[in-house]
Amino acid sequence: TIRALLLCTQNNIPLYSQTVMMKGINDDPEILIDLFRKLRQLGVEPYAIYQADPLQGTEYFRTTLKKFQAIRKYLRAHVSTRIIPKFIVDTRIGKVELGADSEIVIMKRRSRGETSPLPRGKRRGSVGSDNIVYIKTPFTPKIYRSVNKSWKLPEYCSLDKDGSIIVEYQDAQL
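The numbering scheme is per chain: residues are counted from 1 as the chain's sequence reads. Predicted model: local features are reported for residues with pLDDT of at least 70 only, side-chain atom pairs are reported and counted for 80 or more only, and whole-chain, interface and lining totals are derived from all residues. Hydrogens and waters are ignored; side-chain quantities use all the structure's heavy atoms.

## Details of unusual backbone geometry
Phi at Asn12 takes a positive value of approximately 55°, unusual for a residue other than glycine. For Asn12, the location among the structural elements is in the loop between α1 (2-10) and β1 (15-21). Relative accessibility decides the category of a residue: with a 1.4 Å probe and only protein chains considered, values under 20% of the type maximum give buried, values over 50% give exposed, and everything between is partly exposed. With relative accessibility at 71%, the residue Asn12 sits in the exposed group. Only DSSP runs of H or I with at least four residues qualify as helices, and only runs of E with at least two residues qualify as strands; both kinds are numbered from the N terminus onward.

Written as structure tokens, this is what we have:
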């Protein structure tokens with residue numbers, strides 16, 4: 001594998017890595033630092049690390065959103081930004097990079113009288129979870145309508161004061 005990577009980089013072929021964070025495998029910041037440094041030394045740009053999608057039978061491998069964020073914060077404090085990939089969550093309206101131009105608006109356990117950025121009729125429970133997470137995205141309806149004129153804001157979304165979309169993050173693990 002290393003020989004193949006070097007062959008590509010020596011021939012000016014750009015290489016980027018994408019990985020999924022998996023509990024008990026690569027959810028340790030020091031393991032990730034080691035991996036990303038080695039990739040960078042081989043000419044591979046660490047591009048993205050994803051929060052694992054909530055697929056049936058994979059719950060064991062999913063890290064919590066809090067841990068995902070904590071690892072991102074640790075990397076930002078301890079290594080060069082050259083080896084830090086984008087930290088991505090896959091929402092129902094698209095991939096969102098955490099910390100760049102998005103933020104978590106609400107992250108809590110579901111309870112009576114919950115507050116929500118979604119209007120009452122639009123609130124939905126996250127599938128398989130008692131946790132509520134809403135992410136303010138950098139997206140606006142304009143970007144979606146630029147490719148689909150009839151696009152409408154989904155029921156699990158609302159608009160923030162600045163026009164950006166807030167989306168419920170499904171099956172969030174705190």
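## Points about the sheet that holds β1
The strands making up a sheet associate through backbone hydrogen bonding, with each pair oriented either parallel or antiparallel. Pairing is mixed in the open sheet, where 4 strands are placed in the order β1-β2-β3-β4. Only two strands of the sheet have a single partner each, and these edge strands are β1 and β4 (94-97). In this sheet, neighbouring strand axes are inclined to one another by 30° on average, regardless of whether the strands run parallel or antiparallel. Bridge analysis of strand β3 (residues 86-91) against β4 gives 4 bridges, and the strand direction is antiparallel. Within β4, the position partnered with Ile88 by the bridge is Glu97. Being paired, for any two strands, means DSSP has found at least two bridges between them. Note on method: axes are straight lines fitted to C-alpha atoms, helices fitted across the in-contact stretch only, with angles between N-to-C directions ranging 0 to 180 degrees.

## Section: the pattern of salt bridges
A pairing counts as a salt bridge when a side-chain nitrogen of Lys or Arg comes within 4 Å of a carboxyl oxygen of Asp or Glu. Under the defined criterion, the tally for this structure stands at 7 salt bridges. Across the salt bridge formed by Asp34 and Lys38, the nearest N and O atoms sit 3.2 Å from each other. Of this pair, Asp34 and Lys38 both sit in helix α2 (residues 29-41), 4 residues apart, roughly one helical turn. You can call Asp34 partly exposed: its relative accessible area is 38%. We classify Lys38 as partly exposed; its relative accessible area is 46%. Put simply, Glu45 and Arg40 hold a salt bridge, and the shortest N to O gap is 2.9 Å. Judged by its relative accessible area of 23%, Glu45 falls in the partly exposed class.

## Thoughts on the packing of α2 against helix α3 (residues 65-78)
The interhelical angle for the contact between α2 and α3, taken along N-to-C directions, is 55°, at an axis separation of 10 Å. Between α2 and α3, the crossing angle belongs to the class labelled oblique. Remark: the crossing between α2 and α3 carries right-handed chirality. The residues of α3 that touch α2, namely those facing Pro29, Glu30, Leu32, Ile33, Phe36 and Arg37, are Ile71, Tyr74, Leu75 and His78. The nonpolar class holds Ala, Val, Leu, Ile, Met, Phe, Trp, Tyr, Cys and Pro. Asp, Glu, Lys and Arg form the charged class, and all remaining residues, Gly among them, are polar. Its residues placed into classes, the contact of α2 with α3 shows 7 nonpolar, 1 polar and 2 charged. An angle below 35 degrees is treated as roughly parallel, one above 145 as roughly antiparallel, one from 65 to 115 as roughly perpendicular, and anything else as oblique. Take the far helix as the reference: if the near one is turned anticlockwise from it by less than a right angle, the crossing is left-handed, and if turned clockwise, right-handed. Throughout, a residue-residue contact means that at least one pair of heavy atoms, one from each residue, lies within 4.5 Å.

## A look at the packing of aromatic side chains
Paired rings are identified among Phe, Tyr and Trp, the last through its six-membered ring, by centres lying within 6.5 Å, and are further divided according to the angle between planes into stacked (under 30 degrees), edge-to-face (over 60) and tilted (the rest). Evaluation of the coordinates by the stated rule reveals 5 aromatic pairs. Each ring, one from Tyr144 and one from Trp151, has its centre 4.7 Å from the other, and the planes form 15°; the classification is stacked. The class of Tyr144 is buried, set by a relative accessible area of 16%. On the accessibility criterion, Trp151 (14% relative accessible area) is buried. Of the aromatic side chains, those joined through ring pairs into one cluster are Phe139, Tyr144 and Trp151.

These results come straight from atomic positions and should not be treated as a statement about function.
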